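Here's the letter readout for the chains.
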Amino acid sequence: IRKGKEVFRINGLGYTDTNWGEMIPLSSRWEWGQCNDEKLSFTFGMLYGIRKIKRAYFFFSAGNRTVALEDAQCHVEHTEWIKDKNTGLRMPSRSSFTFQDKDYVVRFSSRLIQNDILGLKFSSLLPKVVVSEQLVQYRGAIEKNGVPIHKFEETGFREWTTRTWKNVPLLF
């Protein structure tokens, strides 16, 4: 990155946001996030159906190994809620997550630091999809076969969605 005469060199793991999964305007809702520390990078996501999680994933990279927990058992609990100051819409401010497959269990929490909300309109006959892009604090641990292999506490990114008929800004 170049700012004036200053050059900032960046070398690290990251995530690029691409649209994944199904996009059904009436029922699609998703949630995903990403975080890095010095030894680990992780990305997770859930695609919701009408009432429950349809698909979930958790990927992490540590050293030279990448582990994919695809279609893992996933539990999400939004434990505290706040109202967005600009739209009045409720969104989770604290959440807990668990992803589990036959070898790994990942448990972590998120705490909202800052957010921006935008709306997406598909049709005047359907509610708007509302996306909350969030800066969050993650805290958690990864276990393999019951043995802790990594603990983390870092700032990361999260995206949470809902739907509303309320008049919110449309940016897309």
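Structure: see above.
Residues numbered from 1 in each chain as written. Predicted model: local features only at pLDDT ≥ 70, side-chain atom pairs only at ≥ 80, totals over all residues. Heavy atoms only, no water.

Asks: Would you explain the pattern of salt bridges in this entry?
Replies: Where charged atoms of side chains with opposite charge meet at close range, the side chains can pair. According to the stated counting rule, one finds 5 salt bridges in the structure shown. Aspartate 103 is the salt-bridge partner of lysine 102, the closest N and O atoms lying 3.3 Å from each other. The exposure class of aspartate 103 is partly exposed, given its relative accessible area of 28%. Its salt-bridge partner being glutamate 153, residue arginine 139 comes within 3.7 Å of it at the nearest N-O pair. Pair noted here: arginine 139 is in strand 10 (residues 128–144) and glutamate 153 is in strand 11 (residues 147–164), with a separation of 14 residues, a long-range link. Glutamate 153 sits in the partly exposed class, given a relative accessible area of 45%. (Salt bridge = Lys/Arg side-chain N within 4 Å of Asp/Glu carboxyl O. Buried < 20%, exposed > 50% of the residue type's maximum accessible area, 1.4 Å probe, protein only. Helix = DSSP H or I, 4+ residues; strand = E, 2+ residues; numbered from the N terminus.)

Asks: I tried to follow the layout of surface pockets on my own but got confused; where do I start?
Replies: If a probe as big as a water molecule is rolled over the atoms, it shows which places are left empty. The calculated volume of the second largest pocket comes to roughly 190 Å³. Lining the second largest pocket are 12 residues; nearest its centre among them are Asp84, Lys85, Asn86, Asn115 and Asp116. In terms of residue count, strand 9 (residues 104–120) provides more of the lining of the second largest pocket than any other element does, 4 residues in total. (1 Å grid on protein atoms, 1.4 Å probe; cavity = no way out; pocket = protein on both sides within 12 Å on 5 of 7 lines; lining within 4 Å. Points joined across faces, edges and corners; volume = space filled by probe spheres on them.)

Asks: Please clarify how the environment of isoleucine 53 should be interpreted in this entry.
Replies: Looking at where isoleucine 53 falls in the secondary structure, it is placed in strand 5 (residues 53–62). Residue class for isoleucine 53 comes out partly exposed when judged on its relative accessible area of 25%. A sequence separation of 20 residues divides isoleucine 53 from glutamine 73, and the C-alpha atoms of the two residues are 9.8 Å apart.

Asks: How should unusual backbone geometry be read in this particular structure?
Replies: Trans peptide bonds make up most of the peptide bonds, and negative phi angles are found at most residues other than glycine. Despite not being glycine, asparagine 145 shows a phi value in the positive range, around 50°. With respect to the secondary-structure elements, asparagine 145 resides in the loop between strand 10 and strand 11.

Asks: Would you explain the environment of alanine 56 in this entry?
Replies: Along the chain, alanine 56 turns up in strand 5. In this structure alanine 56 comes out as buried when scored by relative accessible area, which is 5%. Separated by 10 residues in the primary sequence, alanine 56 and methionine 46 have C-alpha atoms spaced 4.3 Å apart. Once you skip the residues sitting within four places of it in the chain, alanine 56 turns out to touch Gly45, Met46, Leu69, Glu70, Asp71, Ala72, Cys74 and Phe99. (Contact = heavy atoms within 4.5 Å.)

Asks: Looking at this structure, I do not really get the packing of aromatic side chains. What am I missing?
Replies: Ring pairs (aromatic) are described by centroid distance and by the angle formed between their planes. Scanning the entire structure with this criterion turns up 20 aromatic pairs. Ring plane angle 55° and centroid distance 5.1 Å describe the contact between phenylalanine 44 and phenylalanine 97, whose orientation is recorded as tilted. Of this pair, phenylalanine 44 sits in strand 4 (residues 41–48) while phenylalanine 97 sits in strand 8 (residues 90–100); the two residues are 53 residues apart in sequence, bridging distant segments of the chain. Relative accessible area serves as the criterion here: at 1%, phenylalanine 97 is assigned to the buried category. When the ring of phenylalanine 108 is compared with that of phenylalanine 152, the centres are 6.2 Å apart and the planes differ by 55°; the resulting orientation is tilted. Of the two residues, phenylalanine 108 sits in strand 9 while phenylalanine 152 sits in strand 11, which places them 44 residues apart along the sequence. With respect to class, phenylalanine 108 is no different from phenylalanine 152; both count as buried. What links up through ring pairs into an aromatic cluster is the set Phe42, Phe44, Phe58, Phe60, Phe97, Phe99, Tyr104, Phe108, Tyr138 and Phe152. The ring of tyrosine 48 has arginine 29 sitting right over it, with the charged end atom 3.9 Å from the ring centre. (Phe/Tyr/Trp six-rings, centres within 6.5 Å; stacked < 30°, edge-to-face > 60°. Lys NZ or Arg CZ within 6 Å of the ring centre and 35° of its normal.)

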